[in-house]
Amino acid sequence: MAAHHGRHEAPDEPENDRPADELSEAAGPQGDSVAGGTGSDDASPTGGAHLARPDRVGSEHRADQVGQADSADRAPGGDGDNGVDQADAADRVGAAAGADSSQRAASAESAPSGKSPANAERPESAESAASTESAASAERPESAESAASTENTASGESAESAENAAASASAASQPDAAPTPVRSGFAADFRDAIAPRTVLLVIGVLLLQLGFILSYVGAFHSPKPHEIPMAVVAPQQVSGQLVQQYNAAPGDPIAATAMPEQQAREALRKGETDAVLIINPQGTQDTLLVATGGGSSVAEAVETIVQQGQATQQRTVTVQDEIPLQPGDSRGLTGFYLVIGWLVGGYLMASLLGVASGSRPANMRRAGFRLGASALYAIASGLGGALIVDQALNALTGHFMALWWLGALVVFAAATVTIAFQTLLGVVGIGVTVLIFVILGNPSAGGAYQSQLLPPFWRGISEALPNGAGTAAVRKIIYFGSHNIAGNIWVLAIWAAAGLAVTLVGAGVLQRRAHRRAERRAAKAAEHTSAGTAVTA
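Let me begin by describing the structure that accompanies this report. All values derive from a computational prediction rather than experimental measurement.

1. Examining a nonpolar patch on the surface
A grouping of Phe186, Phe190, Ile194, Val199, Leu200, Ile203, Leu206, Leu207, Leu210, Phe212, Ile213 and Val217 is seen on the molecular surface, where their side chains present a nonpolar patch of about 1,200 Å² in accessible area. The set of elements that each furnish at least two residues to the nonpolar patch consists of helix H8 (186-193) and helix H9 (196-220). Element by element, the count of residues in the nonpolar patch is highest for H9, at nine residues. Note on placement: Leu207 falls in helix H9. A relative accessible area of 55% places Leu207 in the exposed class.

See below:
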């Protein structure tokens, strides 16, 4: 009964989690007295029955060792009273051990990851072992075992934390593109050496080359006169017959019109007609007036046609060149090459601006800078061309200022058109410029063969392009007193204005598109940042 009474002195004591046989084994001979004093395990609710639970064996084992040492000090003889005291001491130590176990469990739950709760256990363990040196010695293995268990738990939590951090880092970096593996092999090297875009550009160059051959050979391989304007001065009774005869010739080489002599000569001086046929009513010797300044090939063609026509009437023709070429302008080609030089300078300058600073101006301000640079370049280029042909070579003299400003307009038209095509098409725009100014413009400009001798296609586009308009304008300035030059100037001005307008409008569109793209990229970047922050959190 004393043993039972001793066990009920600690009402807050948790149920002993140790089996009775482990308690008896730990207590030695005194454990037998305790077991005997308490009766059977089934007889007492606070006796052996509650000692049969297996929880927290390690801590209870340490408490039994402390209780054993205490009992040994108090009952060296091992009699019944000493056994009761020994049982009371064991109960007190068990209660202390239970409280110690509860504190360790609470500290393990509240302890942060990676920090062992064994440190929180040591003060309690030291308090439990204060009664004896041997109890403290017996406690150390158990503390080490508990610390090892706690360290294993902390290590597991640390590993789990590392895995979570790695998963977060992987999720945060998931939007980034994986590095492209290095390709090898014949096919990969071939694709790297000759990219599809390069292939397309090469095909474009090939097409331009073939177009160049087709255009030049097609325009020049078989020149035939077509409706060359000619005035007929003849008595009224024969003028109508002559006009009908020439206009009915196969292929329509001549467009004859009956005129009085004074009007016909004035039309020739103004470039309104290419030849004047004066019939001598008193003889068989007629006169053909030509203007080689308007094109030597046309003058030669008219001379051939009239001589053959008059020969059918048993008449001869004397040719007079009313507007001859200047001494430095052999074959009348100087003006043609001057215009070609101006055009080449204009589109090359604009192309170089595109290559150096990007084919497409990023905004309207940069487009304005390019156009302003083109205007300055055009003035300098026009001046340079006029100085060369007039002052340096004496090829085309007497019209320096007119040539200067005509050249500036030609260069500016070529430059603005090139910039416009680059703005619309990028680097492909340079190819389109070459197509217009070189492949189509040069053969149709009326250089070697005037437009009246060209096939229909080239004849139709001749003075509609800057090449033909510029060449005709130079001839009219030098040889025809600038008569009827307004149409050619308008053609050049329209090309220049169109290039200017397309460049500014296109740059504005590109600027707005770039702004929208920048906004979309910023929005996507913000979404990726938010997603990465959410994953990290």
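2. Observations regarding the packing of aromatic side chains
To describe a pair of aromatic rings, one takes the distance between the centres and the angle between the planes. Under the criterion given, the structure shown has eight aromatic pairs. When the centroid spacing of 5.7 Å and the interplanar angle of 40° are considered together, the rings of Phe220 and Tyr449 count as tilted. Taken together, the residues span a long stretch of sequence, with Phe220 in helix H9 and Tyr449 in the loop between helix H16 (428-444) and helix H17 (456-461) at a distance of 229 residues. On the basis of relative accessibility, which here comes to 27%, the residue Tyr449 falls in the partly exposed class. Arranged with centres 6.0 Å apart and planes meeting at 15°, the rings of Tyr347 and Phe437 form a pair that is stacked. Highlighted residues: Tyr347 in helix H13 (residues 334-357) and Phe437 in helix H16, separated in sequence by 90 residues. Neither residue differs from the other here; Tyr347 and Phe437 are each classed as buried. Feature note: the residues Phe212, Tyr216, Phe220 and Tyr449 constitute an aromatic cluster, connected by ring pairs.

3. Some points on the sheet that holds strand S1 (residues 228-233)
Pairing is mixed in the open sheet, where five strands are placed in the order S2-S1-S3-S4-S5. Sheet topology places strand S2 (254-258) and strand S5 (316-321) at the edges, where each strand pairs with a single neighbour. Across the sheet, the mean angle separating the axes of adjacent strands is 25° when strand polarity is ignored. Pairing of S1 with S2, which is carried by five bridges, proceeds in the parallel orientation. By the bridge assignment for S2, Ile228 is matched with Ile254. The strands touched by helix H11 (residues 261-269) are S1, strand S3 (275-278) and strand S4 (285-290); relative to S3, the strand with the most contacts, the crossing angle is about 155°.

4. Remarks on the pattern of salt bridges
Summed over the entire model, instances satisfying the criterion amount to six salt bridges. Linking Glu261 and Arg265 is a salt bridge whose minimum nitrogen-to-oxygen distance equals 3.1 Å. Of this pair, Glu261 and Arg265 are both found in helix H11, four residues apart, which corresponds to roughly one turn of the helix. The exposure class assigned to Glu261 is partly exposed, which follows from its relative accessible area of 35%. Here Arg269 and Glu266 are joined by a salt bridge, their closest N and O atoms 2.6 Å apart. Residue Arg269 and its partner Glu266 are located together in helix H11, separated by three residues, close to a single helical turn. A single network of salt bridges, built from pairs that share partners, joins Glu261, Arg265 and Glu322.

Thresholds applied
Residues numbered from 1 in each chain as written. Predicted model: local features only at pLDDT ≥ 70, side-chain atom pairs only at ≥ 80, totals over all residues. Heavy atoms only, no water. Patch = residues over 30% accessible without salt bridge, like charges linked within 9 Å, V, L, I, M, F, W, Y side chains within 5 Å. Areas by Shrake-Rupley, 256 points an atom, 1.4 Å probe, with all protein chains shown as cover. Salt bridge = Lys/Arg side-chain N within 4 Å of Asp/Glu carboxyl O. Helix = DSSP H or I, 4+ residues; strand = E, 2+ residues; numbered from the N terminus. Buried < 20%, exposed > 50% of the residue type's maximum accessible area, 1.4 Å probe, protein only. Phe/Tyr/Trp six-rings, centres within 6.5 Å; stacked < 30°, edge-to-face > 60°. Pairing = 2+ DSSP bridges. Axes fitted to C-alpha atoms, helices over the stretch in contact; angles between N-to-C directions. Contact = heavy atoms within 4.5 Å.

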